[in-house]
Amino acid sequence: MSLVAEPGLVADSEQTDDQTRRRGYPTYVLIKVLGSAGSLLFMLLVNFFLFRVLPGDPVRTLGRGHLNTPAQVAAFKKAYGLDQPLGVQFLTFLKQTAHGDLGLSLQFRRPVSELIWQAMGPTLLLVGSAAILSTLIGVYLGIRGAWNRGGVFDRISTGTSLTLYAMPEWWLGLILIAGLGVGFWFVPGIFPTGGLHSPDVNPNSLHGILDTTWHLTLPVVTLTLAYLADFSLIMRSSLLDELGEDYLQTARAKGLRDVQVRNRHAVRNALLPTTTVIALNIGFVVSGAITVETVFSIPGLGLLSTNAIGFPDFPVLQGTFLVASAGVIAANLAANLVYGLLDPRVRT
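Describe the overall build of the protein, with residues and values.
Scanning the protein from N- to C-terminus turns up 14 helices and two strands. Taking all 348 residues of the protein together, the buried fraction comes to 37%. When contacts within the protein are restricted to residue pairs at least 6 apart in sequence, long-range pairs at least 24 apart make up 71% of them. Total accessible area computed for the protein in this model is approximately 19,600 Å², and 65% of it derives from carbon and sulfur atoms.

Encoded structure:
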């Protein structure tokens, strides 16, 4: 029997083997959850040892030169657990982290978990709004550009996306502040140049909500333009890969209109890699846009991290690093679970 004489049998056999190797969705979910738990544990290891292998005496660094007597040094070590062996310190760190205790800020003398919780809201509001807008606009630009490849819209949208992609976020933010916040020539400034809301406005009132929205306009526009290219270029590339597939010709042969072929068949398959990118970018919502929050003085996680670096406030840095890493791992896990639902072939 020749393989050339019976290609259908070979294809069926390979398909059967592939289906046999394919895991069920519960098993797939369990494997991905265990993998994410391993990544989280590795991140905790890095988070603990990273700030303990930095050069210099930790007591001198954390004490900022205020510990002059042996009694003060001993009391400081006992307060922060530095007099314990490293293994005991790590187990204590794991136990405290599991209970939400991230230590005490050296700069603010407040629990780090309170500071992070307080800064989480502005970051989610700022970067979450920008992520949603950039996703919707970027996917639309990618679809329309790929479907009319080489046209005027495709050239303009691709060129603009690449230009914005090459711009640093902080530089783009400064340009928007100079042009729309400060004003130029005879054009007055329109938007506030910084802050989350005006100091004389109650942020919980309707006027305060509108004032906060007005203050967030330039930062959200900055991040939207910065993230726009990611979704636009990936969606465009993914859809271009689908344009040469035979099933699109079959759909046209059935009499479907061009728009129906694009929306019902091509876009659905092209959305798979874009879904992964979207989920991974959600992780950066938690980490915050450090440079943009600093440029616009938004009191979020990014500005908190920047201030902690300048102090230096190692407990705050450790806490923000933990939250940002956990957010990326959670978003990556969500992307894998959604991908397993959309495309069963990834379960093999």
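How would you summarise a nonpolar patch on the surface if you had to cite specific residues and measurements?
A contiguous nonpolar patch, built from L41, F42, L45, V46, F49, L50 and L86 and spanning about 580 Å² of accessible area, is present on the exposed surface. The element that contributes the greatest number of residues to the nonpolar patch is helix α2 (residues 25-50), accounting for six residues. Mapped onto the secondary structure, L86 falls in helix α5 (residues 86-98).

Can you explain the packing of helix α6 (residues 112-147) against helix α13 (residues 301-310)? Please cite residues and give values.
One can describe the packing of α6 onto α13 by two numbers: an axis separation of 7 Å at closest approach and a directional angle of 135°. Comparing the axis directions of α6 and α13 gives the class oblique. Contacts between α6 and α13 pair L115, I116, A119, M120 and T123 from the former with L301, G302 and L304 from the latter. Here the residues of the contact of α6 with α13 are counted per class, giving six nonpolar, two polar and no charged.

Describe in detail the packing of α2 against helix α14 (residues 314-342), supporting the description with residues and values.
It is the contact of α2 with α14, at a shortest axis distance of 10 Å, that shows an interaxial angle of 165°. What the angle tells us is that α2 and α14 run roughly antiparallel. The crossing of α2 and α14 is right-handed. Taken together, the residues that form the contact of α2 with α14 break down as 16 nonpolar, seven polar and one charged.

Quick one: what's the story with the nonpolar core, residue by residue and with numbers?
With 21 residues, the main nonpolar core has I116, L301, L304 and V316 as its most contacted residues. Contributing elements (two or more residues each) for this core: α2, α5, α6, α13 and α14. With six residues, α14 is the largest single contributor of residues to this core. A130, I177, A289 and I298 belong to the second largest nonpolar core, which has 18 residues in total.

Account for the side chain of S36, naming residues and giving values.
Note that S36 resides in helix α2. Exposure remark for S36: the relative accessible area of 14% places this residue in the buried category.

Tell me about the pattern of salt bridges, and name the residues and values.
As enumerated under the stated definition, the model contains three salt bridges in all. Linking R236 and D154 is a salt bridge whose minimum nitrogen-to-oxygen distance equals 2.8 Å. Here the residue R236 occupies a position in helix α9 (residues 206-242), and D154 occupies one in helix α7 (residues 152-166), the gap between them amounting to 82 residues.

Tell me about the side chain of S134, and please be specific about residues and values.
Of note, S134 is situated in helix α6. What makes S134 buried here is its relative accessible area of 0%. One polar contact links the side chain of S134 to the main-chain carbonyl oxygen of A130, over a distance of 2.8 Å. The residues touching S134, leaving out its near neighbours within four places in the chain, are V139, T224, Y227, L228 and F231.

What counts, and at which threshold
Residues numbered from 1 in each chain as written. Predicted model: local features only at pLDDT ≥ 70, side-chain atom pairs only at ≥ 80, totals over all residues. Heavy atoms only, no water. Helix = DSSP H or I, 4+ residues; strand = E, 2+ residues; numbered from the N terminus. Buried < 20%, exposed > 50% of the residue type's maximum accessible area, 1.4 Å probe, protein only. Contact = heavy atoms within 4.5 Å. Areas by Shrake-Rupley, 256 points an atom, 1.4 Å probe, with all protein chains shown as cover. Patch = residues over 30% accessible without salt bridge, like charges linked within 9 Å, V, L, I, M, F, W, Y side chains within 5 Å. Salt bridge = Lys/Arg side-chain N within 4 Å of Asp/Glu carboxyl O. Axes fitted to C-alpha atoms, helices over the stretch in contact; angles between N-to-C directions. Parallel < 35°, antiparallel > 145°, perpendicular 65-115°, else oblique. Nonpolar A, V, L, I, M, F, W, Y, C, P; charged D, E, K, R; others polar. Left-handed = near helix turned anticlockwise from the far one by under 90°. Core = buried A, V, L, I, M, F, W, Y, C linked by side-chain atoms within 4.5 Å. Polar contact = N/O pair within 3.5 Å; in protein donor to acceptor, adjacent residues only side chain to side chain.

In short, the description is geometric, and any link to function would need to be established separately.
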